[in-house]
Amino acid sequence: MSAQQDEKKVSTILYIEDDPSSRRLVQRVLEGAGYRVLLASNGLDGIALAQRERPSLILMDINMPNFSGDMVATRMRITPGLEHTPIIAVTALTQPGYRERALIAGCDGYIPKPIDIDALPCQVEEYLGGRRDEVKSEEAGRYYTEYSQALVRRLETKIRELEEANRELRLLDKMKGDFITLTSHELRTPFTLVYGYSRLLQDAIEGATNTDTELVDLASSLISAVDRLGEVLNEILDLARIASGKISPALIPLELHRVVEQAIAKVRVVASDREVAIDLLGDDWPQVWADPIELQVAFGNILGNALKYTPDGGRVTISAARHGEYVEVAITDTGIGIDPDEQQFIFETFYTSGNTEFHTTSKTAFKGGGLGLGLAIAKRVIEAHKGRIWVESLGRDEDRCPGSTFHVLLSLDPRQADDGQAKT
Ligand code: ADP
């Protein structure tokens, strides 16, 4: 085998083409001539493949939908590592000017379709050997202007399409918000009746003489189901209220320690049933200006999760540290942890990790069911206080339980803090 053939063998040719039969044909011809051939069916995949594989030459169909070949060529010319890779336009567009347009866009040559399969290997070799086609200098200016105008027109069309899509999404988002608010309000009224009557029923059953124990058990199951329904409704109502932008915390001076203690009091029974210890550390808890009800909801949700995702017998530790005009509360659990790539999403509405089919229906059981609203609500409350919330965890592992720490940074006096000023 000659040295030239050896050289040819190691050359990689990337062919970007949306038509599968053309892809197969070119692949067969070039592989038969000893080249390594990579294929991409659209411009974006082609750019990614070219960046990864650094081919010796790129053959590019010009007439592709969405991201046309000339735009792909322009994009490649500003992609590090591809600035000088020969790009050869392959196209059936043979009217006058198409060759020039391809060259202006960044291509180095032009092969017309239908491809002459006998000539193709030689044409490729020529371009690999350094051949570069050029536009006549007296014509170049006109083609540059034409190409840049076409790009601007295309950009404008895309912007209009995106604006329209954005408008539709906003409308859908508003409809979704209105739907949630309306249905949760509508459900609230019958729920109040169900709640009241189920309590009356329970009292009547428990107060009756010779009560059947089965009836007592049924009544208590009914009450827990109704309580759970109430919690879900409250979460949805909280979210609808907060999402509608109506959260304007009524700031009063508070002992932060007390707020956290009250949130703990609400989960104390569940924690002791499940033998999860809750430690409230430190004696340097400051006073903060905050809305006691909102802040309790936020800490309640974080604490509720710490319990929910910690197996029986675990531990939740809550501590506070002062940083100048801020206080940082850390809630650490010995639970299943959260994967690093999930940590940015858990504060979004309706995000629940793990398979929701396996959630138990009880919110307080280990990995108990949730709607994915608790942290979204906590985040909005804390941000409405000009604070920040974030999480640290080594990852999710239900056997080793690496645990998670939720940090809440609060300004001692949000009336004095600027938006987004909270820093660690
Ligand atoms: P959910 O109602 O599903 O608990 P949240 O908004 O409260 O919704 O939490 C979102 C997701 O974040 C949960 O589904 C869970 O996967 C994860 N998560 C929250 N807190 C913890 C924690 N302390 N330990 C492990 N995972 C957690």
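In case you missed it, the structure is sitting above this.
Residues numbered from 1 in each chain as written. Predicted model: local features only at pLDDT ≥ 70, side-chain atom pairs only at ≥ 80, totals over all residues. Heavy atoms only, no water.

Asks: Describe in detail empty space enclosed by the protein, supporting the description with residues and values.
Replies: Taken as a whole and assessed by the stated rule, the structure comprises 1 cavity of 30 Å³ or more. Empty space within the largest cavity amounts to approximately 30 Å³. Along its surface, the largest cavity is lined by Val260, Ala263, Phe299, Leu303, Ile318 and Ile331. Of the residues in the lining of the largest cavity, the class split is 6 nonpolar, no polar and no charged. (1 Å grid on protein atoms, 1.4 Å probe; cavity = no way out; pocket = protein on both sides within 12 Å on 5 of 7 lines; lining within 4 Å. Points joined across faces, edges and corners; volume = space filled by probe spheres on them. Nonpolar A, V, L, I, M, F, W, Y, C, P; charged D, E, K, R; others polar.)

Asks: Which residues make up the packing of helix H5 (residues 98-105) against helix H7 (residues 137-207), and what are the values?
Replies: Two elements in contact, H5 and H7, have axes whose closest approach is 9 Å; the angle formed by their N-to-C orientations is 75°. The angle between the axes of H5 and H7 places the two elements in the roughly perpendicular class. Where H5 abuts H7, its residues Glu100, Arg101, Ile104 and Ala105 lie against Glu139, Ala140, Tyr143, Tyr144, Glu146 and Tyr147. Of the residues contributing to the contact of H5 with H7, the split by class is 6 nonpolar, no polar and 4 charged. (Axes fitted to C-alpha atoms, helices over the stretch in contact; angles between N-to-C directions. Helix = DSSP H or I, 4+ residues; strand = E, 2+ residues; numbered from the N terminus. Parallel < 35°, antiparallel > 145°, perpendicular 65-115°, else oblique. Contact = heavy atoms within 4.5 Å.)

Asks: Summarise the pattern of salt bridges; cite the residues concerned and give the values.
Replies: What the rule picks out here adds up to 22 salt bridges. A salt bridge links Arg199 to Asp227, with the nearest nitrogen and oxygen atoms 3.3 Å apart. In this pair, Arg199 sits in helix H7 while Asp227 sits in helix H8 (residues 213-243), placing the two residues 28 residues apart along the sequence. Owing to a relative accessible area of 26%, Arg199 belongs among the partly exposed residues under this scheme. The partner of Glu261 in a salt bridge is Arg258, and the shortest N-O contact between them spans 3.2 Å. You can see Glu261 and its partner Arg258 sitting in helix H9 (residues 256-273), 3 residues apart, about one turn around the helix. What makes Arg258 partly exposed here is its relative accessible area of 44%. Put simply, Glu17, Asp61 and Lys113 are held in one network by salt bridges that share partners. (Salt bridge = Lys/Arg side-chain N within 4 Å of Asp/Glu carboxyl O. Buried < 20%, exposed > 50% of the residue type's maximum accessible area, 1.4 Å probe, protein only.)

Asks: Explain the packing of aromatic side chains to me, and be specific about the residues and the numbers.
Replies: Inspection of every chain in the model, using the stated rule, returns 2 aromatic pairs. Taking the centre distance of 6.0 Å and the plane angle of 40° together, the rings of Phe191 and Tyr195 count as tilted. In this pair, Phe191 and Tyr195 are both assigned in helix H7, 4 residues apart and thus about one turn of the helix distant. Judged by its relative accessible area of 7%, Phe191 falls in the buried class. On the basis of relative accessible area, Tyr195 is assigned to the partly exposed category, the value being 35%. (Phe/Tyr/Trp six-rings, centres within 6.5 Å; stacked < 30°, edge-to-face > 60°.)

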